[in-house]
Amino acid sequence: MNAIRTQHTPEWQKVYNQRAGIEGTISQAVRISDLRHSRYRGLPKNHLQNVLTGIAINIRRLGAHYAPTQTKPRRPTRIQALYDTHHIGKPA
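Parameters at a glance
Residues numbered from 1 in each chain as written. Predicted model: local features only at pLDDT ≥ 70, side-chain atom pairs only at ≥ 80, totals over all residues. Heavy atoms only, no water. Helix = DSSP H or I, 4+ residues; strand = E, 2+ residues; numbered from the N terminus. Buried < 20%, exposed > 50% of the residue type's maximum accessible area, 1.4 Å probe, protein only. Contact = heavy atoms within 4.5 Å. Expected span 1.5 Å × (residues − 1).

**Student:** Hey, could you run me through the side chain of Gln49 in this one?
**Tutor:** Here Gln49 shows up in helix 3 (residues 43–66). For Gln49, a relative accessible area of 10% gives the class buried. With residues near it in sequence (within four places) discarded, Gln49 still touches His37, Ser38, Arg39 and Tyr40.

**Student:** Explanation requested: the environment of Val15 in the structure shown.
**Tutor:** By secondary structure assignment, the location of Val15 is in helix 2 (residues 10–33). Separated by 37 residues in sequence, Val15 and Leu52 have C-alpha atoms that sit 28 Å apart.

**Student:** Sorry, what's going on with helix 3 here?
**Tutor:** Each α-helix turn comprises 3.6 residues. Residues three or four places apart therefore point the same way. Under the 1.5 Å per step criterion, the end-to-end length of helix 3 is 35 Å for 24 residues, consistent within 8% with the ideal 34 Å. The complete set of buried residues in helix 3 reads Gln49, Thr53 and Ile57.

What follows is the structure, encoded as structure tokens:
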């Protein structure tokens, strides 16, 4: 029970948010460039690959930040389509 109370403190939430951000970045690096597998032998070349991967992620994030997003509207779920068909949940 004490761990649950600790999770509601601002200090814990700040640390958790930082950790979540770092884990998200690592996940993105693994998905984009297969970071867990190196295509080179030797520490200097591996380091160069990791640095270039980091640069690529930053460029990608900048592009996503400044590019206008044009997403298609999502297709309604089956239950939403049923509600719409029978005019349930909408004012008459």
